[in-house]
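# Coordinate analysis (summary)
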Amino acid sequence: MIIFGASGDLTKRKLIPSLYNLAVANLLCQKFAIVGFAVDAMTTEVFRQQLTEDMKNFAETPIEPKIWDWFLERIYYIQGDFQDAGAFERLKQQLDHVDHEHGTEGNRLHYLAVAPRFFGEIVNQLGKASMVIQENGQWSRVVIEKPFGHDLESAQKLNRDIKQVLSEDQIFRIDHYLGKETVQNIMVFRFGNSVFEPIWNRHFIDHVQITAAETVGVEHRGGYYDTAGALRDMVPNHLFQLLSLTAMEPPVSFDADAVRQEQADVLHAIQPTSPEDVLRKMVRGQYGAGTTEEGPAVAYRAEPGVAPDSNTETFAALKLSIDNWRWAGVPFYLRTGKRMAQRVTEIAIQFCRPPFVLFRNTPIKNLDPNRLVIQIQPEEGITLGFSAKLPGPVMNTGLVKMDFDYARDFGKTYSSGYERLLYDCMTGDATLSQRADMVEAGWAVIQPVLDVWKALPERNFPNYASGSWGPAAAAELMSRDGREWRTADPS
Ligand code: BG6
């Protein structure tokens, strides 16, 4: 495995701890080695020492010295510039050496843990150095993580550029949301059980809410975030993964292409957004100062790396419609934001109300609709809320829950979320990777929103306080439809 950008954050925080976890689980091939490649001057020895130090901070479980030593012996470092063809030649020589030392047989997993502007360049250099040729049974794959493009046009260009060098089956566009157990469980929940699928459609479901709320601000990433914003950062990738897994048709098999085709079809079925729709159905927000769970918080415009008059949104809410037989007329409300009142990522499926109020001559005035909530984080599980009769001689109801809790029912597992993704890339299973058309379909959905928001900068930013549930317009988006966001209230 070659890690481009090996001296950066992702390597020490996620990649190395996940690879180590795979080694502990005996899922790492014995014929395995890592070559780190980055611009910082460093020897292999120093790289190994640094990683050993970093593991003390980032490993989730105590390190087993025997496994760590085995792992460390397989780690190398090459210093080089991504634009320098000579550096790629040196890298190639190192890889030949590694093949010889560790029996890695010429198989390559190139992981681009670098700033997106280098994606095209690195793939190009790999091509020029003949490092991605698949022959004699050897494979060579490239892993790319979001952001894949900045908008539809740049995503299309990046796809075109890398496809000049790589075939689609060599490209693994990964999304860390798909590494989350609860996200992978959506498919098992829907298609591994027979009770839910018959009611998973417009006849029974009133609407769907998908929320990814964070309490943190932009942290140390102001520079990047200010050029991206909440919509680009979260929606065409993470939220659309959740949406497509929730809304897809049952695939004919669990093969990568069968699953990905169904996900792509959902994205293609999202109703195109007109400029009027953007004004009526999409809401943006930016946080001001306020108080969060962690204490007082500064306004977005006062964050390091952010322009003091920035018009970048830190909150986005969208109402989308999926034009197909299953979902016609069922709105999908999506929202994401930073510095929100609570950290919660979940999918809430709200079922239709009972067709009439049988209990009208009793104290029961309104029956709450059933709601199925797939909790992704920080709680991980699934809850179904339903009405039950309150004990006593008078007819009244209370809302109760049936619930599945990952930690309680299956025990706590330690995972960075990258283990499964890396494992799949190594074994060549592309089910959890995005095909070019899926990435472009996601961008195509939000492109009209990006265009209108750019043409009409918001004048009232900041429009929500840190520690709140977002701008008032987001609540109005729901109340106009006679609905409301599910907030902290579990039901
Ligand atoms: C990243 C975004 O892709 O996902 C971040 O760039 C965001 O802004 C993060 O904070 C959220 O990931 P998670 O796993 O904490 O929900």
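Residues numbered from 1 in each chain as written. Predicted model: local features only at pLDDT ≥ 70, side-chain atom pairs only at ≥ 80, totals over all residues. Heavy atoms only, no water.

## Structural notes on the pairing of strand β5 (residues 140–145)
Convention followed: Relative accessibility decides the category of a residue: with a 1.4 Å probe and only protein chains considered, values under 20% of the type maximum give buried, values over 50% give exposed, and everything between is partly exposed. Starting at the N terminus, helices and strands are each numbered in turn, a helix being any DSSP run of H or I of at least four residues and a strand any DSSP run of E of at least two. Strands are labelled as partners when DSSP assigns at least two bridges between them. With its strands directed away from the observer, a crossover is right-handed exactly when the path from the first strand over the helix to the second travels clockwise.
Counting buried positions along β5 gives 6 out of 6 residues, so the element sits mostly inside the fold. In the sheet, strand β4 (residues 108–112) pairs with β5 via 5 bridges, with the strands oriented parallel. Its bridge partner lying in β5, His-110 is registered against Val-142. Since β4 and β5 lie parallel, the crossover through helix α5 (residues 119–128) that links them has a hand, and here it is right-handed.

## Considering unusual backbone geometry
A cis amide bond links Gln-377 with the next residue in sequence, Pro-378, at an omega value of -5°. Following the sequence through the fold, Pro-378 ends up in the loop between β14 (371–377) and β15 (381–389). Here the residue pair Phe-461 and Pro-462 is connected by a cis peptide bond, since its omega of -5° sits within 30 degrees of zero. You will see that Glu-105, though not glycine, has its phi angle at about 55°, which is positive. Here Glu-105 lies in the loop between α4 (85–102) and β4. Overall, the relative accessible area of 48% leaves Glu-105 in the partly exposed class.

## A look at the pairing of strand β3 (residues 75–79)
The buried fraction of β3 is high, at 4 of 5 residues. Judged from the 5 bridges that link them, strand β2 (residues 34–38) and β3 form a sheet pairing that is parallel. Among the inter-strand pairings, Phe-37 is bridged to a residue of β3, identified as Ile-78.

## Remarks on helix α2 (residues 44–58)
Inclusion rule: What a helix is expected to span follows from its residue count: subtract one and scale by 1.5 Å. Note that the arc is defined by the directions from the helix axis to the C-beta atoms. By the convention used here, residues are in contact when the closest approach between their heavy atoms is within 4.5 Å.
With 15 residues, α2 should cover 21 Å at 1.5 Å per step; its first-to-last C-alpha distance of 20 Å lies within 8% of that length. Restricting attention to buried positions, one finds in α2 the residues Phe-47, Arg-48, Leu-51, Asp-54 and Met-55. End-on view of α2: buried residues confined to an arc of 125°, all on one side of the axis. Residues of α2 that are exposed and point more than 90 degrees away from the buried face comprise Lys-56 and Asn-57. Here the buried face of α2 lies against α1 (9–24), β2, α3 (65–72) and β3.

## Remarks on the pattern of salt bridges
When their charged atoms lie close together, side chains carrying opposite charge are able to pair. Note the cut-off: The working definition used for a salt bridge is a side-chain nitrogen of Lys or Arg within 4 Å of a carboxyl oxygen of Asp or Glu.
Inspection of the entire model under this criterion finds 28 salt bridges. Between Arg-173 and Glu-168 there is a salt bridge, with its nearest N and O atoms 2.8 Å apart. The class of Glu-168 is partly exposed, set by a relative accessible area of 23%. Two residues, Asp-437 and Arg-435, come together in a salt bridge whose shortest N-O distance is 2.9 Å. Since its relative accessible area comes to 29%, Asp-437 is described here as partly exposed. Arg-435 sits in the buried class, given a relative accessible area of 11%. Residues joined in a network through salt bridges with shared partners are Arg-190, Glu-197, Glu-249 and Arg-326.

## So, α1
So the rule is basically this: A residue's bend is given by the angle between axes fitted to the 7 residues ending at it and the 7 residues starting at it.
Between its first and last C-alpha atoms α1 spans 22 Å; for 16 residues at 1.5 Å apiece the expected length is 22 Å, and the two agree. Taking the largest bend as the criterion, α1 deviates by roughly 30°, centred on Leu-15, and proline Pro-17 comes between one and four positions later. The complete set of buried residues in α1 reads Thr-11, Leu-15, Ile-16, Pro-17, Ser-18, Leu-19, Tyr-20, Asn-21, Leu-22 and Ala-23. Here the buried face of α1 lies against β1 (2–4), β2, α2, α3, β4 and α13 (419–427). Asn-26 lies just past α1 and shows a positive phi near 65°.

## Some thoughts on the sheet that holds strand β10 (residues 295–297)
For the record, the criterion: Axis angles are defined between N-to-C directions and span 0 to 180 degrees, where every axis is a line fitted to C-alpha atoms and, for a helix, only to the segment in contact.
If you walk across this open sheet you meet the 3 strands as β10-β9-β18, and the pairing is mixed. Strands with a single pairing partner mark the edges of an open sheet, and in this sheet they are β10 and β18 (464–466). Mean inter-strand twist for the sheet, computed between neighbouring axes without regard to direction, equals 25°. Two strands pair when backbone bridges link them, and strand β9 (residues 287–292) and β10 are joined in this way by 3 bridges, in the antiparallel orientation.

## Digging into the nonpolar core
Rule in force here: Put simply, buried Ala, Val, Leu, Ile, Met, Phe, Trp, Tyr and Cys residues joined by side-chain atoms within 4.5 Å make one nonpolar core.
By size, the foremost hydrophobic cluster in this structure holds 143 residues, and its most contacted members are Phe-4, Leu-19 and Phe-71. Looking at this core element by element, the count peaks at 10 residues for helix α9 (residues 230–247). With sequence-adjacent residues up to four places away left out, Phe-71 is seen in contact with Ile-16, Leu-19, Tyr-20, Ala-23, Leu-28, Phe-32 and Ile-34.

## Let's talk about the packing of helix α6 (residues 152–163) against helix α14 (residues 436–455)
Each pair of packed helices gets described by two things: the angle between the helix axes and the distance between those axes. So the rule is basically this: Oblique is the label for any angle not under 35 degrees, not over 145, and not in the 65 to 115 range, which are roughly parallel, roughly antiparallel and roughly perpendicular in turn. Note: crossing handedness is left-handed where the near helix turns anticlockwise from the far helix by less than a right angle, and right-handed where it turns clockwise. All residues other than Ala, Val, Leu, Ile, Met, Phe, Trp, Tyr, Cys, Pro, Asp, Glu, Lys and Arg, Gly among them, are scored as polar; the first ten of these are nonpolar and the last four charged.
Direction vectors running N to C along α6 and α14 enclose 165°, while the axes themselves pass 8 Å from each other. By the criterion of interaxial angle, the relationship of α6 to α14 is roughly antiparallel. The handedness of the crossing between α6 and α14 is left-handed. Across the interface between the two elements, Leu-152, Ala-155, Gln-156, Asn-159 and Lys-163 from α6 touch Ala-436, Val-439, Glu-440, Trp-443, Ala-444 and Gln-447 from α14. For the contact of α6 with α14, the class distribution of residues is 6 nonpolar, 3 polar and 2 charged.

## Here we look at the state of the cysteines
Here is the rule: Count a disulfide wherever a pair of cysteine sulfur atoms falls within 2.5 Å.
Tallied over the entire structure, the rule returns 0 disulfides. Sulfur of Cys-425: no disulfide; nearest cysteine sulfur belongs to Cys-29 and is 15 Å away.

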